[in-house]
Amino acid sequence: MNPSNPTVSATQLHAFRSHSLFQTVRKYALLLLLFSVGLHSAGAQQKPGTELQVKKAISPIKLDGELDEPAWKNTGVADSFFQNYPNDSLPATNKSEAYLTFDDRFLYFAFKCYTKKPITQHMRRDFGGALVLHDVIYLTLGGFGDKANANWFGVSYPGVQYDGAIFNGGDSENSYSDFWDAKWFTKTKKFDGYWISESAIPFKSFRYSNNIPLEINFLRGDASTNERSHWVHVPVQYMVGSQAFMGKMITDAPLPAPGKNVVLIPYSTFSSSREQGNASAYDFKGGFDAKIGIATAMNLDLTINPDFSHVEVDQQIVNLTRFEFNFPERRQFFLENSDLFGQLGLPMARPFFTRRIGLAADSTGLLRKVPILYGARFSGKPGKSWRVGLMNLHTQAQASLGLPDQNYTMAVVQYRVLSRSYLSGFYINKQNIGIHEEDSTSFLHPDLIFTTVDSDSRLINRFNSVAGAEFNLLTTSNKWSGKIFYHHSMNSFRQTQRSSFGAMTEFNTRDWGFRVIQQSTQKNFRAQTGFVPGLDIYPGLHNSTIRARRSFYPSNRKMVKAEPYVEANMNLLPGGALTDHSALGGGQLFFLNQSSVKAEARNWFQKLPANFNPISPKGDSTLLKGEQFRWNDFELQYLSDPRKKLSYTLGYATGGFYNGKRASYFGEIVFRTPPFATLSAIFNYSTISLDEVYGKADFVLLSPKIDITFTPNLFFTTLVQYNNRFDNVNINARFQWRFKPLSDLFIVYTEDYFPHGLSSKQRALVLKATYWLNL
């Protein structure tokens, strides 16, 4: 090309264009190569079964939050963390490194977490909202290679510990319990641009087999970026502790043989109490718990004269349904191994419900404590595919409640099949000691008397037993789960129609989810140690439920997920007559800042199988058996960013309600001054207006709470609950000092008042000390 001649020939122009195209292609190819290299440097997603080479410590390790010992430099490193949430196709924004090593006494794990400023909200052990409110790391540890049961060990930035148990594959919220406790040790330290957590877990603090590799995964919750990320990748539709997504710890030397673990936890309490119109009463008592590790994977738990006075009180609710509400269990003895004993059946037909033991309603409906004299639980894995549990407890007679001495026995056996599924069989018995069928004059608690909603017969139970078998499905891919069950009850008198049976199947992927449930409960099925609220309403029941959801992940910087869903329910009486059906449709939007909004519209039909007062105890507004009602309602709810100092949940529901209308305003307001104090208030105001003949009522529930963590070992909590439905104000104040690991001093004050004038109904002050002693 002659620069003095501006004319360009066609050949020259074609060559120029070809050269330009080549340059463009080369440029984008180079960019693609650099992007690929960048992804490679960030690491590819680790698949289930990925091995981490872990070497035995070649030097002593001092827990100081500094990874300067040769042992850390000599062992394998797990990095390449990928997000589980909000975008499970991307690497974690902030880099994480996880380390494992061991010696003859401890399994050590450490994290190096890069971030500009770690976030924490409070310093309480087993901290709530762990993956939402804090910068936190976890080691998930499966000791038997069954991809079903595991433990987690978590640490938040200040060095606060969080541990618990995972069961049934970790595939639902009911598969996790943070009431499992172990003694282990942690130190954390902050540096410029990152923080380090260094921990030591005694091998005797968890159960494992040293003949197979430990199953492991590492998880980081990064509150600054609102991300959850794992070493072995867990897709967004699954729970963060899902056992289907675990790696393997491969060691250069055998782990030590599991040692004997014997723990004794004695306690003593002093209490002062007074009821209205009575003199003050004083009491001193003591008892103990014991935890004994037997062989490799068996445990014996004992409790003698247990005391639960330090346990948090129930959060009251406004229950406008016909059904008993399933309050959660909070007593630690019952929470450990709760999957073995408490997950049988389906939520509306559980044959075993631990709150039936040691608690009973009085004539006003308030729960009263029934002393437990002793309890024993034997559980664990006697073989690779077997898991067993046996529990026995005995309660003391309470004449004022109409209760004799009672003995409770529960036995269950599980056998693993098809990789992660299992078969199970169980037997439950409640023995009412010293009563007889012909005793028609003694005052007896209603739970001891057999009745049905369609009969006036009154039969006295000397015992109640339930036996059953189940098959629980859980596929290796985690897409399919389900169960089939058959339960049969027995009493001290002969009857027919005493069974409960059903099936559930669930399909779950990133984009779609389906659940189908079919269950039947016959009219004379009784599980006195269970939770079957439908039989308080119906003379037997056939239920069908179907639910579907669709998840969308928009390419939007602010929105993480949009999830519409539909659900339909139908209840039939034993003869096939329709008694209830409902249909609902709704959707939920999840945002990157952790806020969300939910809207739901519902259609209801009910044909009452028994008389019902929807505004009880506010007046006699009884709707009669056989009456039919149809109505629609709508609910809207918004959850703000829970990481903010001021956060809130606000909800509004409105629409029909039987033959009238209902409106409800509910929510929670939370104010935090991290990491020391949290002030919150739960509220619910519901107004119901029925036809003029039936009247109207307003229900108010207000629950302010103060939670102060002075140090990681010193806590103070006060909860006040006002509930005008039962004309009661309750205050529960609790001071806790953890003076040694898992050893505590509690001071608990509780009082019930009449709302008008705040005159006292009853009050109690309890001083309790516990001590964790490793023998």
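Our structure's up above, just so we're on the same page.
Residues numbered from 1 in each chain as written. Predicted model: local features only at pLDDT ≥ 70, side-chain atom pairs only at ≥ 80, totals over all residues. Heavy atoms only, no water.

Student: Just to check I follow, could you spell out the overall build of the chain for this structure?
Tutor: What the chain contains, in helices and strands, is 5 helices and 43 strands. Dimensions of the chain, computed from C-alpha atoms along their principal axes, come out at roughly 120 × 65 × 55 Å. In the chain, which comprises 775 residues, the share counted as buried stands at 49%. Contacts in the chain between residues at least 24 apart in sequence constitute 59% of all its contacts with a sequence separation of at least 6. Accessible surface for the chain amounts to roughly 35,900 Å². Of this, 60% is attributable to carbon and sulfur atoms. Side-chain charges of the chain comprise 81 positive and 65 negative groups, with the mean position of each set lying 5 Å from the other. (Helix = DSSP H or I, 4+ residues; strand = E, 2+ residues; numbered from the N terminus. Buried < 20%, exposed > 50% of the residue type's maximum accessible area, 1.4 Å probe, protein only. Contact = heavy atoms within 4.5 Å. Areas by Shrake-Rupley, 256 points an atom, 1.4 Å probe, with all protein chains shown as cover. Lys, Arg positive; Asp, Glu negative; His and termini not counted. Charge placed at Lys NZ, Arg CZ, Asp CG, Glu CD.)

Student: Whenever I open this one, the side chain of N151 confuses me. Can you help?
Tutor: Structurally, the position occupied by N151 is in strand β7 (residues 150-156). Residue N151 is classed as buried on the basis of its relative accessible area of 13%. Within the structure, the side chain of N151 is placed 3.4 Å from the backbone oxygen of G164, a separation counted as a polar contact. Excluding anything up to four places from it in sequence, N151 contacts L139, T140, L141, G164, A165, W180 and F206. (Polar contact = N/O pair within 3.5 Å; in protein donor to acceptor, adjacent residues only side chain to side chain.)

Student: Explain the environment of K248 here, please?
Tutor: Structurally, K248 is set in strand β14 (residues 247-251). Separated by 415 residues in the primary sequence, K248 and A663 have C-alpha atoms spaced 54 Å apart. Sequence-distant contacts of K248, that is, excluding residues within four places in its chain, are made with G49, T50, E51, L52, P213, L214 and I216.

Student: Hey, could you run me through a nonpolar patch on the surface in this one?
Tutor: A surface patch of nonpolar side chains, amounting to about 670 Å² of accessible area, comprises Y638, L646, Y648, L650, I669, F671, L679 and I706. Broken down by element, the residue count for the nonpolar patch peaks at 3 residues, all from strand β35 (residues 646-657). (Patch = residues over 30% accessible without salt bridge, like charges linked within 9 Å, V, L, I, M, F, W, Y side chains within 5 Å. Salt bridge = Lys/Arg side-chain N within 4 Å of Asp/Glu carboxyl O.)

Student: Mind showing me how you'd approach the side chain of R387 here?
Tutor: Tracing the chain through its elements places R387 in strand β21 (residues 386-395). Side-chain polar atoms of R387 contact the side chain of N149, separated by 3.4 Å. Residues within four places of R387 in sequence aside, it is in contact with N149, N337, D339, L340, G380, K381, P382, V412, V413 and Q414.

Student: What exactly am I supposed to notice about the packing of aromatic side chains here?
Tutor: Two descriptors summarise a pair of aromatic rings, namely the distance from one centre to the other and the angle between the planes of the rings. According to the stated counting rule, one finds 42 aromatic pairs in the structure shown. Look at F153 and W180: their rings are 5.8 Å apart centre to centre, the planes differ by 80 degrees, and that puts the pair in the edge-to-face class. Of the two residues, F153 is situated in strand β7 and W180 in the loop between β9 (176-177) and β10 (185-191); the sequence distance between them amounts to 27 residues. The pair F153 / W180 is uniform in exposure class, with both members buried. Ring geometry for F203 and Y208: centres 5.6 Å apart, planes at 50 degrees, overall tilted. Its relative accessible area of 4% is what places F203 among the buried residues. Classification of Y208 as buried rests on a relative accessible area of 0%. Pairwise contacts between aromatic rings join F109, F153, W180, W184, F203, F206 and Y208 into one cluster. (Phe/Tyr/Trp six-rings, centres within 6.5 Å; stacked < 30°, edge-to-face > 60°.)

Student: Explain the pairing of strand β36 (residues 660-673) to me, please; I cannot follow it from the model alone.
Tutor: Side chains on a regular strand alternate between the two faces of the sheet. With 12 bridges joining them, β35 and β36 adopt antiparallel strand pairing. Paired with T654 across the strands is A663, a residue of β36. Count of turn residues in the β35/β36 antiparallel hairpin: 2 residues, of which Y658 carries a positive phi of about 55 degrees. Sheet topology places β36 next to strand β37 (residues 677-689); 13 bridges connect them, and they run antiparallel. (Pairing = 2+ DSSP bridges.)

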